[in-house]
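# Commentary on secondary and tertiary structure
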Amino acid sequence: MNLNGKTTLDEIVVMTESARSNGKFPSLARLKYLNGGDVNESTALVLLMLDSITSFYGAEWSQQQMASAAETITNTYYILTPIDLKAIVQRSLSGQFGEVYGKLSPNVLIQWI
């Protein structure tokens, strides 16, 4: 799966749903495998998810925090698909994971997953 310049999680989910209808439903691990062990696409998907959530909550994470959280999620929750990532975004924005007190930290967001 190539992101083909897609820049939003919604665009990628539409592309993924199309791939699923063809019997291909790529997880983060599958994307890594298809790219010869390169995690760039998987990490890019997770970064899109993180950006959506942090922007909504007004959280200002450093590039290092974003990269570290994306790497942790990609390596720990490798079975997630782009559709799962979108569901996490939707649930977090609707408050289904609970109220955020103070600043949204990477630890809290990773616990939501």
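For the structure itself, look to the data block above.
This is a predicted model, so every value here is computed, not measured.

### Quick notes on the environment of T76
- Relative to the assigned elements, T76 resides in helix α4 (residues 63–76).
- With 34 residues separating them in the primary sequence, T76 and I110 have C-alpha atoms 9.9 Å apart.
- Engagement of the side chain of T76 in a polar contact is seen with the backbone oxygen of T72, the distance being 2.8 Å.

### Quick word on the packing of helix α3 (residues 40–57) against helix α5 (residues 82–93)
- Interaxial distance between α3 and α5 falls to 10 Å at its minimum, and their mutual angle equals 10°. With respect to α5, the axis of α3 lies roughly parallel. Contacts from L45, V46, M49, S52, I53, F56 and Y57 in α3 reach P82, L85, I88, V89, S92 and L93 in α5.

### Regarding the environment of T74
- Looking at where T74 falls in the secondary structure, it is placed in helix α4.
- In the structure, T74 is positioned 31 residues away from T43 in sequence and 6.3 Å away in space, judged by C-alpha atoms.
- Apart from residues lying up to four places away in sequence, T74 is in contact with L28, S42, T43 and V46.
- From its side chain, T74 meets the backbone oxygen of A70 in a polar contact 2.7 Å long.

### Describing the packing of α3 against α4
- Two numbers describe how α3 lies on α4: the axes approach to 9 Å, and their chain directions differ by 120°. Considering the angle they form, α3 stands oblique to α4. Both α3 and α4 take part in a crossing whose hand is right-handed. Residue-level contacts link S42, T43, V46, L47, M49, L50, D51 and T54 of α3 to M66, A69, A70, I73 and T74 of α4.

### Digging into the nonpolar core
- Of all hydrophobic cores here, the largest spans 21 residues; its most connected members are V46, M49, L50, I53, W61, I73 and L109.
- Sort the elements by how many residues they give to this core and α3 lands first, with 5 residues.
- Not counting chain neighbours up to four residues away, the residues in contact with L50 comprise W61, M66, A69, A70, I73 and L109.

### Structural notes on α5
- With 12 residues, α5 extends 17 Å from end C-alpha to end C-alpha; this agrees with the ideal 16 Å at 1.5 Å per step.
- Within the sequence span of α5, burial applies to P82, L85, I88, V89 and S92. Within α5, the buried residues cover an arc of 115° as seen down the axis, which keeps them to one side.

### Let's talk about the packing of aromatic side chains
- Summed over the entire model, instances satisfying the criterion amount to 3 aromatic pairs.
- Judged by centre distance (5.2 Å) and plane angle (85°), the rings of F56 and Y57 are edge-to-face.
- Judged by its relative accessible area of 49%, F56 falls in the partly exposed class.
- The interplanar angle of 15° and the centroid separation of 5.3 Å between the aromatic rings of F97 and W112 together place this pair among those described as stacked. Placement of F97 in the loop between α5 and α6 (106–112) and of W112 in helix α6 is noted, with a sequence separation of 15 residues between them.

Rules and cut-offs
- Residues numbered from 1 in each chain as written.
- Predicted model: local features only at pLDDT ≥ 70, side-chain atom pairs only at ≥ 80, totals over all residues.
- Heavy atoms only, no water.
- Helix = DSSP H or I, 4+ residues; strand = E, 2+ residues; numbered from the N terminus.
- Polar contact = N/O pair within 3.5 Å; in protein donor to acceptor, adjacent residues only side chain to side chain.
- Axes fitted to C-alpha atoms, helices over the stretch in contact; angles between N-to-C directions.
- Parallel < 35°, antiparallel > 145°, perpendicular 65-115°, else oblique.
- Contact = heavy atoms within 4.5 Å.
- Left-handed = near helix turned anticlockwise from the far one by under 90°.
- Core = buried A, V, L, I, M, F, W, Y, C linked by side-chain atoms within 4.5 Å.
- Buried < 20%, exposed > 50% of the residue type's maximum accessible area, 1.4 Å probe, protein only.
- Expected span 1.5 Å × (residues − 1).
- Arc of directions from axis to C-beta.
- Phe/Tyr/Trp six-rings, centres within 6.5 Å; stacked < 30°, edge-to-face > 60°.

None of this, on its own, says anything about what the molecule does.
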